[in-house]
Amino acid sequence: MQATALAHSNIALVKYWGKKDTALNIPAVGSISITLDALWTKTSVQFDAMLKDDVLELNDEDATDKETIRVSRFLDLVREAAGIKECARIQSKNNFPTSAGLASSASAFAALALAATNAAGLDFPGTKLSEMARKGSGSAARSIFGGYVEMSKGSKPDGSDAIARQIASADHWPLILLIAVTSEAKKKTGSTDGMELSRLTSPYYTPWVESSPADMQEMRQAIAEKDYSKLGTLSEFSALKMHALAIASDPGLLYWNGTTVEGMHLVRSLRQKGHEAYFTIDAGPQLKVLCQPDEADIISNALENLEGVKRVIRTGIGGDARLNEEF
Ligand code: DP6
């Protein structure tokens, strides 16, 4: 009744923001991501009849009550599917500093879904694992798969078709993502609360949902054709559109700091000089920059030299979530 799994983090090129069903965590829009090779979570789950409660350790420290409750609720779904009642000991660690504001629920819930189902004796195919991971965190559904991944919003009320699938492998097209860390502070409003606020209050929410299928179609095409300018332009557009939606929520959600904004201008000025870099930003202040491998050094140096950037993490495209890791 024990298993250990590793899952990579991912970055959305077409963003997910907003839920159709909060209880089942069904997204209101589809999304497309790349899986990130250099950032991962490793999680070990052991069901044990002697335990009275689930016990969670994160990065070698006891987790907070809030973190343990979120994981316990998720494990309840696994216990229900497996027909077991035992509590579990869960150990999880990221290979990137949690304090950097990069701690990703995507890699965390993908690794947990794989380890927990396996430890419970379930042998789920990728599609079912993705559905399970989604119930922990929407972006986690994508981290089950490597390469270029599409998350469908589905149409079934039970969410069984709101799942991710690989649309191209990592070798199809090697791109680089540079993560410029601009703040180590914990963010004030997490994605779950932020996207719910946008759904309820932002005047841009309906246009955001309605314009999503066109972005999805264009991104699929950019990936299939390896059209880098199209992929980059659309990634930047989707990120800015998501932030416009968030900023227009009430109260407005402002995830950027000054360095994030300076970084966006820097990326655009690099582009004018012929270096084709494109930015994307999630619900936090880190600036994530897409580039092609032969330009990664030059763009990374430019980001490192920007005042306020603490460090730059470089990653290529990673593979599927996998079992049988040493913890
Ligand atoms: C901005 O997957 O963290 O990173 O489903 O509520 O856990 P929950 O949200 P989460 O949201 C990710 C939002 C995003 C965009 C994206 O990854 O698509």
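Everything quoted here is computed from the prediction, not taken from an experiment.

Thresholds applied
Residues numbered from 1 in each chain as written. Predicted model: local features only at pLDDT ≥ 70, side-chain atom pairs only at ≥ 80, totals over all residues. Heavy atoms only, no water. Pairing = 2+ DSSP bridges. Helix = DSSP H or I, 4+ residues; strand = E, 2+ residues; numbered from the N terminus. Axes fitted to C-alpha atoms, helices over the stretch in contact; angles between N-to-C directions. Near = heavy atom within 4 Å. Polar contact = N/O pair within 3.5 Å; in protein donor to acceptor, adjacent residues only side chain to side chain. Nonpolar A, V, L, I, M, F, W, Y, C, P; charged D, E, K, R; others polar. Phe/Tyr/Trp six-rings, centres within 6.5 Å; stacked < 30°, edge-to-face > 60°. Buried < 20%, exposed > 50% of the residue type's maximum accessible area, 1.4 Å probe, protein only. Expected span 1.5 Å × (residues − 1). Contact = heavy atoms within 4.5 Å. Arc of directions from axis to C-beta.

A. Here's a closer look at the sheet that holds strand β10 (residues 176-181). Spatially, β11-β12-β10-β13 is the arrangement adopted by the four strands of the open sheet, whose pairing is antiparallel. Each edge of the sheet is formed by a strand with only one pairing partner; in this case those strands are β11 (278-280) and β13 (311-315). Here the average twist between neighbouring strands, direction ignored, is 25°.

B. The arrangement of the site of the ligand in detail. Residues in contact with the ligand amount to 18 residues; listed here are only the nearest, Tyr-16, Lys-19, Ser-137, Gly-138 and Ser-139. The contact in question runs from an oxygen atom of the ligand to an N or O atom on the side chain of Arg-70, over 3.2 Å. A distance of 2.7 Å is found between an oxygen atom of the ligand and a side-chain nitrogen or oxygen belonging to Ser-137. At three residues, helix α4 (residues 191-201) tops the list of elements feeding residues into the shell around the ligand. Its residues placed into classes, the shell around the ligand shows six nonpolar, seven polar and five charged.

C. Focus on the packing of aromatic side chains. Summed over the entire model, instances satisfying the criterion amount to four aromatic pairs. Relative to Trp-173, the ring of Tyr-148 has its centre 6.1 Å away and its plane inclined at 10°; by these criteria the two rings are stacked. Residue Tyr-148 is found in strand β8 (residues 148-151), and its partner Trp-173 is found in the loop between β9 (164-168) and β10; the two are separated by 25 residues along the sequence. Overall, the relative accessible area of 0% leaves Tyr-148 in the buried class. For Trp-173, a relative accessible area of 7% puts it in the buried group.

D. View of the environment of His-265. Following the sequence through the fold, His-265 ends up in helix α7 (residues 258-272). In this structure the C-alpha to C-alpha distance between His-265 and Phe-279, which are 14 residues apart in sequence, comes to 9.7 Å.

E. Up close: helix α1 (residues 65-82). Taking 1.5 Å per residue as the helical rise, α1 with its 18 residues ought to reach 26 Å, and the 25 Å between its terminal C-alpha atoms agrees with that figure. Along α1, the positions that sit buried rather than exposed are Thr-68, Val-71, Ser-72, Phe-74, Leu-75, Val-78 and Arg-79. Turning to α1, the residues buried within the fold contact β4 (31-48), β5 (55-58), β7 (87-94), α2 (105-119) and α3 (126-136). Immediately downstream of α1, the backbone of Gly-83 shows phi near 70°, a positive value.

F. Structural view of α7. Taking 1.5 Å of rise per residue, 15 residues should cover 21 Å, and α7 covers 21 Å from first to last C-alpha, within 8% of that figure. Of all the positions in α7, only Thr-259, Thr-260, Gly-263, Met-264, Leu-266, Val-267 and Leu-270 are classed as buried. Mapping the buried residues of α7 onto a view down its axis gives an arc of 165°, with all of them on the same face. α7 presents His-265 and Gln-272 as exposed residues on the side facing more than 90 degrees away from its buried surface.

By themselves, these observations are geometric and do not establish any function.
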